[in-house]
Amino acid sequence: MIKLEREVEPQGMIDNKLQWKSDLLTAITKYGSYKDIPEKEKQKLISFYRNDAVKSGLIKSSFGKCAFCECIPSEGGNIEIEHFKPKSIYPDLTFEWDNFLPSCRKCNDSKDSHDTGVEPIINPYDIDPKGAFYFNDIEIKAANNGMKKLAEKTIEVCGLNSVRLWRPRAEILISLRIFSRSIEEAIEELINADTDRKRANRVKKLREAIDIIEMLTKPSEKYSSFCIEFLEQSEVYLKAIQLVNDA
Ligand SMILES: [Zn+2]
C-alpha cells in the first residue's frame, strides 16, 4: 500500500450527487432501511456513481492499481469502485467522491461491509501507510509503532496476507534477488578496476544496474511498497548507492 492523492472530483458528480443522494434517502425513508429497498430499485438508485469519469479518476490516482493490495486488477478483472465507508451502513456517502477507492475484486470482497467508522483501517488517500507495515519475506506484518492497530486491522479486513498475494510477492522477490546479484557483480568489478577508464565504465554499469532495480519501486509498478522495503533493507543496494555517489 502506498500513499495516494485524489484526483479532482468529476463535474458530473458535483452537479448531480445531491439529487442522487436525496432520491436514495427518500427510498430509505419509504422502505424503512437501506437493506429493505427492493434490490432492483436499489441498484437503479445507486448505479449513478458507477460511471466512466469516476472510474478513470480513480484509476489515474492509483496508477491503475488496487488502492489496498497494489495489484493491477486489469490483468485479471476490472477495477471496482469501493466505498471506504460502506454504502449499506452510510448510504448518505454513496455518492461522495472522498469515500471512493479503486479496488480489486478480492480486496473489495474481503472488506465487504466492514464498518470503517467503528473499526478504522488505513485509507491511503488520507493516511500515509509508509512505516505502518513491513514484510517478513512474502508476508506483510504490522510494524510495532503507533499505527500498529490500524495496520493489523487493515491486513485483516483487506486480506493483505492471503496466499493470493504471496505468489506475486515471491515472483517479485526472485526478480529483486536477481537484480541484486547484478548489482553485487557490478560492485565487484568496480572495486577491481585498475584504471580510471575502467573505473568510469564500471561506475556507469553500476548506475545502470541501480536504475533497473529502482524501476520496480515506482508508484506505477505493482506491489511497489514491497519493492521499496526490499531496497531499503538491501545492504548490496545501499552499498552500490554509496559507491556511485562517491565516484
Ligand atoms: Zn486489492
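Data block above holds the structure.
Everything in this summary refers to the structure shown in the same document. What you see is a predicted model, and the numbers here were worked out from it, not measured in a lab. (Residues numbered from 1 in each chain as written. Predicted model: local features only at pLDDT ≥ 70, side-chain atom pairs only at ≥ 80, totals over all residues. Heavy atoms only, no water.)

**Details of the coordination of the zinc ion**
Ideal geometry at a metal centre gives angles of 109.5 degrees when four donors are arranged tetrahedrally and 90 or 180 degrees when six donors are arranged octahedrally. Coordination of the zinc ion by the protein is provided by Cys 66 (SG), Cys 69 (SG), Cys 104 (SG) and Cys 107 (SG), with metal-donor distances spanning 2.3 to 2.4 Å. Each donor residue of the zinc ion lies on one chain, and together they are spaced C-x2-C-x34-C-x2-C. With respect to burial, Cys 104 and Cys 107 carry one shared label: buried. (Donors = N, O, S within 2.8 Å, 3.2 Å for Na, K, Ca; no water. Buried < 20%, exposed > 50% of the residue type's maximum accessible area, 1.4 Å probe, protein only.)

**A few points about the packing of helix α6 (residues 163-191) against helix α8 (residues 224-233)**
Contact pair α6 / α8: the axes reach a minimum separation of 11 Å and the direction vectors enclose 35°. Handedness of the α6/α8 crossing: right-handed. Of the residues in α8, those touching α6 at Arg 169, Ile 172, Leu 173, Leu 176, Arg 177 and Ser 180 are Phe 226, Cys 227 and Phe 230. The residue inventory of the contact of α6 with α8, partitioned by class, reads 6 nonpolar, 1 polar and 2 charged. (Axes fitted to C-alpha atoms, helices over the stretch in contact; angles between N-to-C directions. Helix = DSSP H or I, 4+ residues; strand = E, 2+ residues; numbered from the N terminus. Left-handed = near helix turned anticlockwise from the far one by under 90°. Contact = heavy atoms within 4.5 Å. Nonpolar A, V, L, I, M, F, W, Y, C, P; charged D, E, K, R; others polar.)

**Considering the packing of α6 against helix α7 (residues 196-215)**
Direction vectors running N to C along α6 and α7 enclose 165°, while the axes themselves pass 9 Å from each other. Comparing their axes, α7 and α6 come out roughly antiparallel. Pair α6 / α7 crosses with left-handed handedness. Side by side, α6 and α7 meet where Leu 176, Phe 179, Ser 180, Ile 183, Ala 186, Ile 187, Glu 189 and Leu 190 of the first sit next to Arg 199, Arg 202, Val 203, Lys 205, Leu 206, Ala 209, Ile 210, Ile 212 and Ile 213 of the second. Its residues assigned to classes, the contact of α6 with α7 comprises 12 nonpolar, 1 polar and 4 charged. (Parallel < 35°, antiparallel > 145°, perpendicular 65-115°, else oblique.)

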